[in-house]
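Coordinates in review
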Amino acid sequence: MSLTNINRLIVTALCCLMSALALQAQDGLNIAGAFAPKYRDMPDATETVLTRKNLRDVSLSLYHGITVKNHPELAGELEAMVARDGAKAVNKEVRYAAGHLYYGFYSLPARGGLNRYILYLNTHLKSGGDKIMLLYLEGRASMDDVKRLIGKNGKN
């Protein structure tokens, strides 16, 4: 096996490990299904996983996101997952458009001393947008810290 192939194997193994750790963090949440191959492997989907090493400057230990473009028909499924988990939130900010969840920012009960957040945005509902974004964040960051991180001031 060449050095290039070994390097590829190592990178692939690390990516699998990061994905497994990220999925474990959402264990017990309905939104874990949004990070499954059904959505993640779509050609118009982008999954982002950042762990402690890349997030130490923002007081987060996990950033797991998925963005799906050009598939407004998926909004109902994803919105339902978010709503089920959002019902358990200790704090939330939500906005609706056309009777559907447009924006949701949920603070879930802490687990293992870490704060947990879900963010959801469906741009199909406003301004002719073309994507649905779902984020799961975990760490010591406060709700205000997360808002600053994502550039939200809490007003739409």
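Described in the following lines is the structure provided in the data block. From a predicted model like this one, the values you see are computed outputs, not experimental measurements.

The rules behind each value
- Residues numbered from 1 in each chain as written.
- Predicted model: local features only at pLDDT ≥ 70, side-chain atom pairs only at ≥ 80, totals over all residues.
- Heavy atoms only, no water.
- Helix = DSSP H or I, 4+ residues; strand = E, 2+ residues; numbered from the N terminus.
- Buried < 20%, exposed > 50% of the residue type's maximum accessible area, 1.4 Å probe, protein only.
- Contact = heavy atoms within 4.5 Å.
- Areas by Shrake-Rupley, 256 points an atom, 1.4 Å probe, with all protein chains shown as cover.
- Pairing = 2+ DSSP bridges.
- Axes fitted to C-alpha atoms, helices over the stretch in contact; angles between N-to-C directions.

Secondary structure assignment for the protein chain yields five helices and six strands. Listed N to C, the secondary structure of the protein chain is α-α-β-α-β-α-β-β-β-β-α in terms of helices and strands. Per-residue burial over the protein chain gives 40% buried out of 156 residues. Across the protein chain, the fraction of contacts at a sequence separation of at least 24, relative to all contacts at a separation of at least 6, is 54%. Of the roughly 8600 Å² that the protein chain leaves accessible, carbon and sulfur atoms contribute 54%.

Our focus in this paragraph is the sheet that holds strand β2 (residues 60-69). Overall, antiparallel pairing links the six strands, which are arranged β1-β2-β6-β5-β4-β3 in an open sheet. At either end of the open sheet lies a strand with only one pairing partner, and these are β1 (45-51) and β3 (91-97). Strand-to-strand twist in this sheet, taken as the mean axis angle between neighbours without regard to direction, amounts to 10 degrees. In this fold helix α4 (residues 75-86) packs onto β3, β4 (100-111), β5 (114-122) and β6 (131-139), with an angle of close to 150 degrees to the strand it touches most, β5.

On to the pairing of β2. Counted residue by residue, β2 has nine buried out of ten residues, so it is predominantly covered. Pairing of β1 with β2 involves seven bridges; the strand directions are antiparallel. Looking across to β2, one finds that T48 is bridged to G65. In the sheet, β2 pairs with β6 via nine bridges, with the strands oriented antiparallel. In the strand pairing of β6, L62 is matched with E138.

Just geometry here; none of it tells us what the structure is for.
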